[in-house]
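Listed here are the chains, written in short residue letters.
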Amino acid sequence: MSRYVYWAIAAAVLAIAFIVLEPFFASTTTHAGPQGLAGEAAPVFALRDDRGGAVSLDAYRGRIVVMNLWASWCPPCRAEMPDLQRLANAYADRGIAIVGVNEGESPQRARAFADSLQIRFPIWIDGTQRYGRTYAALGLPTTVILDANGVVLRGFDGPLTFAQMQAAVAPLVHKH
Amino acid sequence: MSATIAVALVVVAAVVVELVLPGKAIYHAGWYNVALSALVVVVLLAGRRSSRRTADARLRFATVAMMTGTAIVGLSGVACGLFAPDDQTFVGAPGQRLRVASLGELAFPLASSEGAAAGAVTLERPLRGAVRIGESPYYAGNFVLRATPRDVVYVEARDLRGNRLTVTQPSGSVFLSPVLLMEHRQSIAGMDLPYDSFSVPAARRVVKAVMFTAAQAAMLLRGGAALGEPAVLFAVDDENERPVANAIALSAGGRAVRAGGLMLSGQVTTYPSVAVAATPNLIATAFGALLVLGGLTAAIVTSLSRRSTAPQRSHERS
């Protein structure tokens, strides 16, 4: 048998060596917070709002959605809420919906909190904290922006200023 | 030649055993991999010698196929034995996604109604879609994955008026998860028990939850009310981890109990974790094994046809 054949076989074995070895040197990571979810479809859960009405993300298809996860015991959430309301007022007629998702508290507590800050955008009650879990929230508040098809565009860990909210939302309004 | 074939088959068998029974420590032992490599070298040297000796092109081709196949299979086995990472168990919280490089992403299901009927973990592989990982092994490249159920505790916290309160796990894998994965262990009354902790920020409380099986709970209560049901012992501290009054209570069968100014319940349920063990590369091993078997078949056919033609020729000569 020709020497070239042996060389060809040796090259093939080396190529296979690379194939069998390469996966062993890859590392394992976990999502680092809500930023890692960009490009994934947001889960749709059947929830209730703070007045007991049935709500779901399905009803928001075709609109950009800013979902803000919060709780009444969280001081940064309280500080951020008025700016979210400003954003809701500023972009209400431009295809942007703001939804506040209370994590793990009762509707009464959530409504009392929202009323105290004169919040008028929808408040959903996520009693079993499912959005908090699937969005890999590292803390509260957590904000996730979804496109018109319900796909996560961006995720933010921690409170945002009004300027940051506008910077995140304004380019989407133009695209939308 | 027959010795070469026997050694080649031993190499193939050893590596196939690694695939069928993955996760054994012996596969990573130095002596095992040296032995496997030595067997491959024996096959290569003996095969080279016999291919040089024979004038039959078909037999030479069969020998080279067996040598190549053995080298590939042996390489897969030794690569796995020496370079593979340790076996890992991925314990994910409901809703959590863990990226496992070179495999894809493990998506842990949200426990339906937080009970035992949780869905399956899925492995989402680039270009291959999602695959359910069950209790039977799933081979993916250089790894085998298998779901194993483990006990977890779904906790709920309410204030004394019954209003639900947010549960957080500042030191857990998912901050906003009410499902405790119970990954730590503690000894109480001679029993080795899993425990975990969570916070109730609205009430400024930190709660430690220790899980007991039904038998352990019965032992703890000396045959008391919790007999036949698993139970969770709650110990409540304030946010600075100082003890508070009436801070310890046992919740059996998921019933709510009062402790440290909270109403707490802990439902023991099962939830899948995923054990990932390295294996020799499935495709490379299959390809190598096919080469060995193909070479073996060709060698047998060639020698049989030789035998059948040999008497004929001698008869013709006489």
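Residues numbered from 1 in each chain as written. Chains lettered and ligands numbered in written order. Predicted model: local features only at pLDDT ≥ 70, side-chain atom pairs only at ≥ 80, totals over all residues. Heavy atoms only, no water.

Trainee: Explain the overall build of chain A residue by residue, including any values.
Mentor: Check the secondary structure of chain A and you find five helices and eight strands. Ordered by position from the N terminus, the helices and strands of chain A form the series α-β-β-β-β-α-β-α-β-α-β-β-α. Relative to its length of 176 residues, chain A is extended, with a C-alpha radius of gyration of 23 Å against a globular reference of 16 Å. Structurally, chain A occupies a C-alpha span of about 85 × 35 × 30 Å along its principal axes. Within chain A, the proportion of its 176 residues that are buried is 52%. The long-range fraction of contacts in chain A, counting pairs at least 24 apart against all pairs at least 6 apart in sequence, stands at 72%. Computed over 15 positive and 14 negative side-chain charges, the separation of the two mean positions in chain A equals 2 Å. (Helix = DSSP H or I, 4+ residues; strand = E, 2+ residues; numbered from the N terminus. Rg over C-alpha atoms; globule rule 2.2 N^0.38 Å. Buried < 20%, exposed > 50% of the residue type's maximum accessible area, 1.4 Å probe, protein only. Contact = heavy atoms within 4.5 Å. Lys, Arg positive; Asp, Glu negative; His and termini not counted. Charge placed at Lys NZ, Arg CZ, Asp CG, Glu CD.)

Trainee: Describe the overall build of chain B, listing the residues and the values that go with them.
Mentor: Of regular secondary structure, chain B possesses five helices and 16 strands. What you see for chain B is a C-alpha radius of gyration of 30 Å, clearly larger than the 20 Å of a compact globule of 318 residues, by over 25%. Principal-axis analysis of the C-alpha atoms places the extent of chain B at approximately 110 × 45 × 30 Å. Counting the 318 residues in chain B, one finds 49% classified as buried. For chain B, restricting intrachain contacts to residue pairs at least 6 apart in sequence, the fraction spanning at least 24 positions comes to 57%. Entry remark: accessible area of chain B is about 15100 Å², with carbon and sulfur atoms responsible for 59%. In chain B, which carries 29 positive and 20 negative side-chain charges, the distance between the mean positions of the two groups comes to 14 Å. (Areas by Shrake-Rupley, 256 points an atom, 1.4 Å probe, with all protein chains shown as cover.)

Trainee: Could you give an account of the pairing of strand β13 (residues 231-238) of chain B, naming the residues involved and the relevant values?
Mentor: Residue and element names in this part refer to chain B. In terms of burial, β13 is largely enclosed, as six of its eight residues are buried. Judged from the eight bridges that link them, strand β12 (residues 205-212) and β13 form a sheet pairing that is antiparallel. Bridge pairing links valine 207 to valine 236 in β13. Judged from the six bridges that link them, β13 and strand β14 (residues 243-252) form a sheet pairing that is antiparallel. For aspartate 237, the partnering residue across the bridge sits in β14 and is proline 243. (Pairing = 2+ DSSP bridges.)

Trainee: So what's going on with the interface of chain B and chain A? Residues and values would help.
Mentor: Each partner contributes to the interface: chain B provides 50 residues, whereas chain A provides 41 residues. Note on chain B versus chain A: buried area summed over both sides is about 3700 Å², and carbon and sulfur give 65% of it. At the boundary of chain B and chain A, one finds two salt bridges. Where chain B packs against chain A, one counts 10 residue pairs in polar contact (both at pLDDT 80 or more). Among the elements that take part in the side of chain B that touches chain A, helix α3 (residues 57-83) of chain B stands out by supplying 11 residues, more than any other. Grouping the constituent residues of the side of chain B that touches chain A by class yields 30 nonpolar, 13 polar and seven charged. (Buried area = accessible area lost by both parts, 1.4 Å probe. Salt bridge = Lys/Arg side-chain N within 4 Å of Asp/Glu carboxyl O. Polar contact = N/O pair within 3.5 Å; in protein donor to acceptor, adjacent residues only side chain to side chain. Nonpolar A, V, L, I, M, F, W, Y, C, P; charged D, E, K, R; others polar.)

Trainee: Give a description of empty space enclosed by the protein that names residues and reports values.
Mentor: Residue and element names in this part refer to chain A. In total, this model carries five cavities of 30 Å³ or more according to the counting rule given. Estimated volume of the largest cavity: approximately 40 Å³. Along its surface, the largest cavity is lined by Val66, Leu84, Leu87, Thr143, Ile145, Phe156, Leu160, Met165, Ala168 and Val169. Those elements that provide at least two residues to the lining of the largest cavity are α2 (75-91), β7 (142-146) and α5 (162-175). By residue number, the principal contributor to the lining of the largest cavity is α5, which donates three residues. Split into classes, the residues belonging to the lining of the largest cavity amount to nine nonpolar, one polar and no charged. (1 Å grid on protein atoms, 1.4 Å probe; cavity = no way out; pocket = protein on both sides within 12 Å on 5 of 7 lines; lining within 4 Å. Points joined across faces, edges and corners; volume = space filled by probe spheres on them.)

Trainee: Break down the sheet that holds strand β6 (residues 123-126) of chain A for me, with residues and values.
Mentor: Residue and element names in this part refer to chain A. Spatially, β3-β2-β6-β5-β4-β7-β8 is the arrangement adopted by the seven strands of the open sheet, whose pairing is mixed. Whereas interior strands pair on both sides, the edge strands pair on one side only; in this sheet they are β3 (54-55) and β8 (152-157). Relative to β7, strand β4 (residues 64-70) runs antiparallel, the two being bridged by five bridges. By the bridge assignment for β7, valine 66 is matched with isoleucine 145. In the packing of helix α3 (residues 107-116) onto the sheet, the strands contacted are β4, β5 (96-103) and β6, and the crossing angle to β6 comes to about 150°. (Axes fitted to C-alpha atoms, helices over the stretch in contact; angles between N-to-C directions.)

Trainee: An account of the nonpolar core is requested, with residue identities and associated values reported.
Mentor: Ranked by internal contacts, the top residues of the largest apolar core, which has 53 residues, are Leu57, Met67, Trp124, Tyr131, Tyr135 and Leu146 of chain A. Broken down by secondary-structure element, the contributors of at least two residues to this core are β4, α2, β5, α3, β6, β7, β8 and α5 of chain A. Excluding residues within four positions of it along the chain, tyrosine 131 of chain A makes contact with Pro43, Val44, Phe45, Leu47, Leu57, Met67, Leu69, Val101, Glu103 and Asp126 of chain A. Counting residues in each nonpolar core, the second largest holds 26 residues, with Ala84, Val91, Leu145 and Val152 of chain B among its members. (Core = buried A, V, L, I, M, F, W, Y, C linked by side-chain atoms within 4.5 Å.)

Trainee: Which residues make up the state of the cysteines, and what values go with them?
Mentor: All names here are of chain A. One pass over the structure, following the stated rule, counts one disulfide over all chains. The residue that forms a disulfide with cysteine 74 is cysteine 77, at a sulfur-sulfur distance of 2.2 Å. Residues cysteine 74 and cysteine 77 share a disulfide whose torsion about the S-S bond is about 85°; that sign makes it right-handed. Here the two residues cysteine 74 and cysteine 77 agree in accessibility, since each one is buried. (Disulfide = S-S within 2.5 Å.)

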